[in-house]
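What follows is each chain in one-letter form.
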Amino acid sequence: MAEMNTQERSSKGPRRAPKSSTRVDLTAMVDLGFLLITFFMLASAFQKPKAMEVNKPVPAVDEPAGIKESKTLTLVAGKGDKVYCYTGADDETGLKVDSLTFSRQELRQRIIQRQQEVKAQWGHPG
């Protein structure tokens, strides 16, 4: 049973008859608390989760559609000072992967070579 006990006070005055401690039974208060919690849990309306709307900018008409994959060069760092590179293909011809060493000269030469290939194929570097 839940109850609240109070301590007796001692006074320095004349002796009085001992008082019995005051006991307040809190069982009904605990029951009432649980009933209120249960009532508000069942009576409240829960909101359903909603997805947030994302406002995207409208693309301009004169904006290019993007860079074609046949104009790109992808470099992937590998183990043992190796760099693997491949060019994207717009058609379904597949990808050819080359491996290079991680040296400044070889990487630079491969990038310049790819820029020249794109310029020869498309007439401009980018």
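Scoring rules and cut-offs
Residues numbered from 1 in each chain as written. Predicted model: local features only at pLDDT ≥ 70, side-chain atom pairs only at ≥ 80, totals over all residues. Heavy atoms only, no water. Helix = DSSP H or I, 4+ residues; strand = E, 2+ residues; numbered from the N terminus. Expected span 1.5 Å × (residues − 1). Buried < 20%, exposed > 50% of the residue type's maximum accessible area, 1.4 Å probe, protein only. Arc of directions from axis to C-beta. Contact = heavy atoms within 4.5 Å. Pairing = 2+ DSSP bridges. Axes fitted to C-alpha atoms, helices over the stretch in contact; angles between N-to-C directions.

**Q** Residues and numbers for helix H2 (residues 104-122), please.
**A** Spanning 19 residues, H2 covers 27 Å between terminal C-alpha atoms, matching the ideal 27 Å at 1.5 Å per step. Within the span of H2, buried status applies to Leu107, Arg110, Arg114 and Val118. In a view along the axis of H2, the buried residues occupy a sector of 70°, so they form one face of it. The exposed set on the far side of H2, more than 90 degrees from its buried face, consists of Arg104, Gln105, Arg108, Gln109, Gln116, Lys119 and Ala120. Each element contacted by the buried residues of H2 is listed here: strand E4 (82-86) and strand E5 (97-101).

**Q** Describe the sheet that holds E5, and please don't skip the residues or the numbers.
**A** Strand order in the open sheet made by the three strands is E3-E4-E5, with antiparallel pairing throughout. The sheet terminates laterally at strand E3 (74-77) and E5, the two strands that pair on one side only. Here the average twist between neighbouring strands, direction ignored, is 30°. In the sheet, E3 pairs with E4 via four bridges, with the strands oriented antiparallel.

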